[in-house]
There are 2 protein chains.
Amino acid sequence: MNALLLVAHGSRRQASNEEIRTLTERLADHSDHEFSIVEYAFLEIAEPSIAEGLSSCVAKGAKAVTVLPYFLSAGRHVATDIPEEVQKSQIQHPDVKIKVAPYLGSAEEISNILVSLSKLAL
Amino acid sequence: MNALLLVAHGSRRQASNEEIRTLTERLADHSDHEFSIVEYAFLEIAEPSIAEGLSSCVAKGAKAVTVLPYFLSAGRHVATDIPEEVQKSQIQHPDVKIKVAPYLGSAEEISNILVSLSKLAL
């Protein structure tokens, strides 16, 4: 059973964390074939943490988890912090295959979305 | 003449600011019909500032500028800081029509991109 764990930064502003919850529900609707479990977690500030999110996926029966960084640039969080948290959880769950997907900002389609948004304001 | 000004947060990490420059070039390639000028600016830390970016668009002949917030959540930066900077520049350039487009994270297509990225790691 494959799980998808969307990882966002986490905010002091609850409405921002709510956006992640809503987005995760939309993701679950879009990806029912590949991922039977879709959860979210936060790197900092908000909960659940990455460790908690991964444990939750495992508790629901995940044998493989794809961690998806919801970040726009390849800074320290994407390059170091998320892989480190994942590595720690991997030790806790040696039988589960945990991989990190490319971060959102790396997707080429972002520029198409930006063009669409900019036309809305014309 | 319409201009598009992509506004990112700005980072101490030069590589992150470089990503914005590269993305702006891609945007220019994608939007040549609607926007004859495509520039970028940063809200904080890096340069050019929003005021500088808008002045640059005006100096190149823009009669209308669409400001596009490259942000994932509707926090203080999107809700308050960017509109305030735009308002100040609008006073400096009363003959130019400056509008703010919806922020990146508000686009529904984001979830499709996330699903595509997550499949790359399967």
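Report follows, based on the coordinates. (Residues numbered from 1 in each chain as written. Chains lettered and ligands numbered in written order. Predicted model: local features only at pLDDT ≥ 70, side-chain atom pairs only at ≥ 80, totals over all residues. Heavy atoms only, no water.)

1. Topic: the environment of A:A62
All names here are of chain A.
Here's step 1: Structurally, the position occupied by A62 is in the loop between α2 (50-59) and β3 (64-69).
Here's step 2: Distance from A62 to F35, taken between C-alpha atoms, is 9.4 Å for residues 27 residues apart in sequence.
Here's step 3: A62 has contacts with M1, A3, I37, C57 and V96, leaving out every residue within four places of it along the chain. (Helix = DSSP H or I, 4+ residues; strand = E, 2+ residues; numbered from the N terminus. Contact = heavy atoms within 4.5 Å.)

2. Concerning the sheet that holds β3(A)
Residues and elements named next belong to chain A.
Here's step 1: The parallel open sheet is built from four strands, whose spatial order is β2-β1-β3-β4. Two strands close off the open sheet at either side, each with one partner strand: β2 (37-42) and β4 (97-100). Each strand of the sheet is rotated relative to its neighbour by a mean of 20°, with strand direction disregarded.
Here's step 2: With respect to the sheet, helix α1 (residues 14-30) is in contact with β1 (2-8) and β2, its orientation differing from that of β2 by roughly 160°. (Pairing = 2+ DSSP bridges. Axes fitted to C-alpha atoms, helices over the stretch in contact; angles between N-to-C directions.)

3. Let's talk about the packing of aromatic side chains
Residue and element names in this part refer to chain A.
Here's step 1: Scanning all chains against the criterion turns up two aromatic pairs over all chains.
Here's step 2: Between Y40 and F42 the ring centres are 5.7 Å apart and the planes differ by 65°, which places this aromatic pair in the edge-to-face class. For the pair shown, Y40 and F42 are each scored as buried. (Phe/Tyr/Trp six-rings, centres within 6.5 Å; stacked < 30°, edge-to-face > 60°. Buried < 20%, exposed > 50% of the residue type's maximum accessible area, 1.4 Å probe, protein only.)

4. Remarks on the nonpolar core
Here's step 1: Counting residues in hydrophobic clusters, the biggest one holds 46 residues, and the most contacted among them are A:Y70, A:L104, B:Y70 and B:L104.
Here's step 2: Elements that contribute at least two residues to this core include exactly β1, α1, β2 and α4 (110-120) of chain A together with β1 (2-8), α1 (14-30), β2 (37-42) and α4 (110-120) of chain B.
Here's step 3: Setting aside its immediate chain neighbours within four residues, B:Y70 contacts A:L72, A:G105, A:I110, A:L114, B:L6, B:V7, B:A8, B:I20, B:L23 and B:L104. (Core = buried A, V, L, I, M, F, W, Y, C linked by side-chain atoms within 4.5 Å.)

5. Looking at the interface of chain A and chain B
Here's step 1: On the side of chain B, 45 residues touch chain A, which itself brings 45 residues to the contact.
Here's step 2: Taken over both partners, the interface formed by chain A and chain B buries close to 3,900 Å², and the fraction arising from carbon and sulfur atoms is 69%.
Here's step 3: Run the count over chain A and chain B and you get two salt bridges.
Here's step 4: The salt bridge partner of B:E34 is A:K119, with a shortest N-O separation of 3.3 Å.
Here's step 5: Taken together, chain A and chain B are joined by eleven residue pairs in polar contact (both at pLDDT 80 or more).
Here's step 6: Looking at the side of chain A that touches chain B, the elements that each hand over two or more residues are β1, α1, β3, β4 and α4 of chain A.
Here's step 7: Split by residue class, the side of chain A that touches chain B holds 24 nonpolar, 13 polar and eight charged. (Buried area = accessible area lost by both parts, 1.4 Å probe. Salt bridge = Lys/Arg side-chain N within 4 Å of Asp/Glu carboxyl O. Polar contact = N/O pair within 3.5 Å; in protein donor to acceptor, adjacent residues only side chain to side chain. Nonpolar A, V, L, I, M, F, W, Y, C, P; charged D, E, K, R; others polar.)

6. Observations regarding the side chain of B:S111
Here's step 1: By the element assignment, B:S111 lies in helix α4.
Here's step 2: A polar contact of 3.1 Å, which involves the side chain of B:S111, links it to the backbone oxygen of B:E108.
Here's step 3: Those residues in contact with B:S111 that lie beyond four places of it in its chain are A:L23, A:R26, A:L27 and A:H30.

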